Amino acid sequence: MPARAAPNPPAPTQPDAHPVPDRHGASLFAADPDLRALLPLYLPADLFNHLLPHLERMGALAGGVLDELANVADHAPPTLSHRTRTGLDAQRIHKHPAYVELERVAFAEFGLAAASHRGGVLGWDKPMPPAAKYALTYLFVQAEFGLCCPLSMTDSLTRTLRKFGDPALVQRFLPNLTTQVFDDLYQGAMFMTEQGAGSDVAATATRAIRDAGAEGGWRLVGDKWFCSNPDAALAMVLARVEEADGTAVDGIKGVSLFLLPRTLADGSANHYRIIRLKDKLGTRSMASGEIRLEGAHAYLVGEPGRGFVQMADMINNSRLSNGVRAAGLMRRALTEGQFIAAERRAFGKRLADMPLMRRQLLKLALPTEQARTMVFQTAEALRRADAGEPDAYPLMRILTPLIKFRACRDARKVTGDAMEMRGGCGYIEEWTDPRLVRDAHLGSIWEGTSNIVALDVLRAIRREGSLPVLRAYLQGLLADTPLHDRARTVFALAIDRATAQAAQAADAGADGDVLARQAASGLYHVTSAVAMAWEAGRIGSVRRMRLAQLVLVHRVLPQDPLGGGTEPEWLADTVAPPADAPVRAAGAVDAINLF
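Residues numbered from 1 in each chain as written. Predicted model: local features only at pLDDT ≥ 70, side-chain atom pairs only at ≥ 80, totals over all residues. Heavy atoms only, no water.

As annotated in an unreviewed UniProt entry, the protein chain is DNA alkylation response protein from Cupriavidus pauculus. Recorded in UniProt under Sequence similarities (unreviewed entry), the annotation for the protein chain is "Belongs to the acyl-CoA dehydrogenase family." Taken verbatim from the UniProt record of the protein chain, the Cofactor (unreviewed entry) comment is "FAD". (UniProt positions renumbered as here; feature names shortened; annotations may be inferred.)

Draft legend 1. Spatial organisation of the layout of surface pockets. Within this model, the largest pocket holds a volume of roughly 1100 Å³. Lining the largest pocket we find 38 residues, and of these Met192, Val201, Phe308, Ile315 and Arg319 sit closest to its centre. Elements that contribute at least two residues to the lining of the largest pocket include exactly helix H6 (148–164), strand S5 (217–228), helix H8 (307–343), helix H10 (392–421) and helix H12 (450–464). Its residues assigned to classes, the lining of the largest pocket shows 21 nonpolar, seven polar and 10 charged. Of the residues that make up the lining of the largest pocket, three or more belong to each of domain 1 (33–184) and domain 2 (188–309). One number sums up the size of the second largest pocket: a volume of about 730 Å³. Around the second largest pocket, the lining is made up of 28 residues, and of these Arg359, Lys363, Val553, His554 and Gln559 lie nearest the centre. Elements supplying a minimum of two residues to the lining of the second largest pocket: helix H9 (355–386), H10 and helix H16 (542–555). In terms of residue count, H9 provides more of the lining of the second largest pocket than any other element does, seven residues in total. (1 Å grid on protein atoms, 1.4 Å probe; cavity = no way out; pocket = protein on both sides within 12 Å on 5 of 7 lines; lining within 4 Å. Points joined across faces, edges and corners; volume = space filled by probe spheres on them. Helix = DSSP H or I, 4+ residues; strand = E, 2+ residues; numbered from the N terminus. Nonpolar A, V, L, I, M, F, W, Y, C, P; charged D, E, K, R; others polar. Domains from an automatic or database assignment.)

Draft legend 2. Inspection of the pairing of strand S1 (residues 79–83) at higher detail. Sheet topology places S1 next to strand S2 (residues 89–94); four bridges connect them, and they run antiparallel. Bridge pairing links Leu80 to Ile93 in S2. (Pairing = 2+ DSSP bridges.)

Draft legend 3. Focus on empty space enclosed by the protein. This structure, assessed with the given rule, holds six cavities of 30 Å³ or more. Here the largest cavity is characterised by a volume of approximately 90 Å³. Leu112, Ala113, Lys133, Tyr134, Thr137, Cys148, Leu151, Ser152, Asp155 and Ser321 together form the lining of the largest cavity. Of all the elements in the fold, those that place two or more residues in the lining of the largest cavity are helix H5 (130–140) and H6. Examining the composition of the lining of the largest cavity, we find that four residues originate from one element, H6, more than from any other. For the lining of the largest cavity, the per-class residue count stands at five nonpolar, three polar and two charged. One number sums up the size of the second largest cavity: a volume of about 50 Å³. Around the second largest cavity, the lining residues are Arg159, Asp313, Asn316, Asn317, Leu320, Leu382, Met396 and Thr400. Every element with two or more residues in the lining of the second largest cavity is listed here: H8 and H10.

Draft legend 4. Seen up close, the UniProt feature "domain: Adaptive response protein AidB N-terminal" (unreviewed entry) in the protein chain. Annotation from UniProt places "domain: Adaptive response protein AidB N-terminal" (unreviewed entry) at residues 21–183. Taken as a whole, residues 21–183 contains 56% helix and 7% strand, while its terminal C-alpha atoms sit 40 Å from one another.

Draft legend 5. Main features of the UniProt feature "domain: Acyl-CoA dehydrogenase/oxidase C-terminal" (unreviewed entry) in the protein chain. With numbering matched to this structure, UniProt assigns "domain: Acyl-CoA dehydrogenase/oxidase C-terminal" (unreviewed entry) to residues 305–460. Secondary structure across residues 305–460 comprises 76% helix and 3% strand; the distance between its end C-alpha atoms is 21 Å.

Draft legend 6. Examining the domain arrangement of the protein chain more closely. Segmenting the protein chain into domains produces domain 1 (33–184), domain 2 (188–309) and domain 3 (465–578 + 586–594). Domain 1 and domain 2 are separated by 24 Å when their C-alpha centres are compared. Of the residues lining the interface, 28 residues belong to domain 1; the matching set on domain 2 comes to 29 residues. The largest per-residue losses of area from domain 1 upon contact with domain 2 belong to Ile93, Met153 and Leu157, which jointly make up 24% of the total buried on that side. The interface formed by domain 1 and domain 2 holds one salt bridge in total. Across the domain 1-domain 2 interface, the total number found is six residue pairs in polar contact (both at pLDDT 80 or more). Per-element tally for the side of domain 1 that touches domain 2: the top contributor is H6, with eight residues. Among the residues forming the side of domain 1 that touches domain 2, the class breakdown is 17 nonpolar, seven polar and four charged. (Contact = heavy atoms within 4.5 Å. Buried area = accessible area lost by both parts, 1.4 Å probe. Salt bridge = Lys/Arg side-chain N within 4 Å of Asp/Glu carboxyl O. Polar contact = N/O pair within 3.5 Å; in protein donor to acceptor, adjacent residues only side chain to side chain.)

Draft legend 7. Up close: the pattern of salt bridges. Across all of its chains, the model carries 44 salt bridges by this definition. Notably, a salt bridge pairs Asp313 with Arg159, separated by 3.2 Å at the nearest N-O pair. Residue Asp313 is located in helix H8, and its partner Arg159 is located in helix H6; the two are separated by 154 residues in the primary sequence. Comparing Asp313 with Arg159, the two get one shared label, buried. Connected through salt bridges with shared partners, the residues Asp32, Asp34, Arg331, Glu369, Arg372, Glu535, Arg543 and Arg544 form a single ionic network. (Buried < 20%, exposed > 50% of the residue type's maximum accessible area, 1.4 Å probe, protein only.)

Draft legend 8. Examining the packing of H5 against H8 more closely. Packing of H5 against H8 brings their axes to within 8 Å, and their N-to-C directions diverge by 45°. Of the possible angle classes, the one that applies to H5 and H8 is oblique. Considering the relative orientation of H5 and H8, their crossing is right-handed. Where H5 abuts H8, its residues Tyr134, Thr137 and Tyr138 lie against Asn317, Leu320, Val324, Ala327, Gly328 and Arg331. Of the residues belonging to the contact of H5 with H8, the class tally is five nonpolar, three polar and one charged. (Axes fitted to C-alpha atoms, helices over the stretch in contact; angles between N-to-C directions. Parallel < 35°, antiparallel > 145°, perpendicular 65-115°, else oblique. Left-handed = near helix turned anticlockwise from the far one by under 90°.)

Draft legend 9. View of the environment of Arg240. Take Arg240: it is sitting in strand S6 (residues 234–242). On the basis of relative accessible area, Arg240 is assigned to the buried category, the value being 8%. Separated by 43 residues in sequence, Arg240 and Ala197 have C-alpha atoms that sit 12 Å apart. The contacts of Arg240, once residues within four sequence positions are left out, are Ala202, Ala203, Thr204, Thr206, Arg207, Ala208, Ala248, Val249, Asp250, Gly251, Gly254 and Val255.

Draft legend 10. Inspection of unusual backbone geometry at higher detail. If you check the backbone angles, Thr283 has positive phi at about 45° while not being a glycine. The topology assignment puts Thr283 in the loop between strand S8 (272–277) and strand S9 (288–301). If you check the backbone angles, Glu447 has positive phi at about 60° while not being a glycine. Topologically, Glu447 is positioned in the loop between helix H11 (433–440) and H12.

Draft legend 11. Molecular detail of H10. Between its terminal C-alpha atoms H10 stretches 41 Å, which fits the 44 Å expected from 30 residues at 1.5 Å a residue. Just past H10, the residue Gly423 takes up positive phi, approximately 75°. (Expected span 1.5 Å × (residues − 1).)

As structure tokens, then:
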């Protein structure tokens with residue numbers, strides 16, 4: 001009996017829309033009309049117009065090619081070899097080609113580490129203000145986080161060298177630090193942390209010994225425990241100067257700053273070794289290692305015994321960069337969440353039409369928008385401080401630890417909650433979500449943990465007189481913002497209460513340190529809310545004004561957790577923008593519309 005033919009399988013049905021939405025390949029700049037609307041507030045009009053095509057290109061790359069490269073590099077971390085195959089001692093860190101391509105885009109094509117230090121980057125004839133560099137970095141980091149650490153350290157090392165270094169040193173190394181010719185580039189690093197001296201810089205044990213015969217006149221001896229970008233061409237190192245009799249000055253006054261070249265002038269390797277690379281939770285694409293200094297040649301930067309003060313300038317710059325990265329991670333997470341909510345359907349409805357999903361998106365949007373506003377407010381304060389404007393330095397000095405403290409902590413929650421919105425797919429390493437979550441945890445650790453940075457807020461108040469400057473600045477923004485009287489009263493009261501709490505903590509000395517985190521959070525939330533309201537008035541966005549007010553409601557003002565979520569009456573007091581405000585063309589201006 002002939003065998004019966006197997007029945008033909010049913011033809012697969014193709015749904016009108018794939019049930020698992022994927023926005024890969026779409027521009028991250030086009031997905032964020034608020035960024036385009038806000039930048040003219042913080043950049044001169046001619047620079048904004050000049051940068052616009054570069055922002056568009058970076059957004060397109062970050063949403064596609066760079067995201068692919070970052071995923072590959074994340075899953076193929078660098079490795080360290082100690083010897084050549086013929087047995088020569090020649091250490092080398094092997095980077096995946098995907099990571100090297102990311103380096104080319106960031107350092108060479110866009111000049112992100114050079115833009116603040118010389119003209120010519122992206123065709124602009126002079127150094128760009130910090131806001132320009134950070135706007136591009138804000139887009140880049142939404143694809144790749146790990147490389148932003150070497151970018152920041154190169155930028156910050158260059159700034160510190162120019163500010164404190166001997167002119168001959170600056171002349172020798174600046175061209176390579178700021179070049180966009182990739183093969184000529186010198187990347188930078190910071191070798192600070194020791195096993196017994198992390199945030200406690202006064203416990204630094206690495207020794208600096210005078211040696212007239214050594215290149216630079218000094219030799220460094222000791223171990224550095226956590227060194228990112230360990231094969232960088234140049235590193236800033238903290239070490240304790242040892243006198244001729246072998247004694248050293250104890251405490252913070254004995255610590256000096258040194259410039260450590262990877263390769264000496266004769267082409268030989270300097271006398272230090274990478275002991276091993278770290279196996280990290282995040283930033284896997286970028287190498288971090290342990291360094292043993294074995295009489296390494298180094299140059300003194302600035303005055304002996306002033307190392308902490310000089311390094312603090314570099315750290316503050318890096319802390320702002322941490323805030324930029326946290327803001328970028330949150331924006332990428334929110335962008336993904338918005339797309340999922342708009343495209344994913346369940347129970348016959350779009351997720352975006354479900355009340356709980358809309359509430360969850362709003363909870364992601366508030367800290368994301370706060371962080372972005374704080375990035376540009378701090379960048380503008382940095383520009384003004386570098387220009388020597390009155391009161392700009394104390395303002396920058398308090399805004400920097402504020403954004404480092406709060407935005408980096410918020411990023412951990414925002415990225416985690418956005419991963420949940422994607423469901424099971426969000427937990428799979430093929431998607432961006434796990435990388436965002438892992439990388440987000442770094443911001444609260446590097447360049448000072450949350451406690452250390454919160455205490456630095458109080459230090460800025462006590463030593464720099466930053467609090468009255470910040471208060472006056474916020475009152476000026478508020479005065480320049482169109483608001484109904486009841487809403488204005490709420491904002492003004494929030495400024496009073498936040499600054500009063502911070503003053504109480506600062507005035508109480510060591511007893512007030514326990515309030516440092518509360519005081520820092522209060523100042524951050526109020527500062528961001530006031531600045532967002534000011535932005536809303538300037539760009540003509542009722543929607544942004546509403547978000548600014550919701551920051552106060554959800555992150556500052558007291559709430560009854562059992563009160564049913566009734567909004568205060570004053571929230572209805574949102575005025576239309578002034579007639580001369582430039583209403584932005586891209587997006588809603590009259591309602592909370594997160595899509």
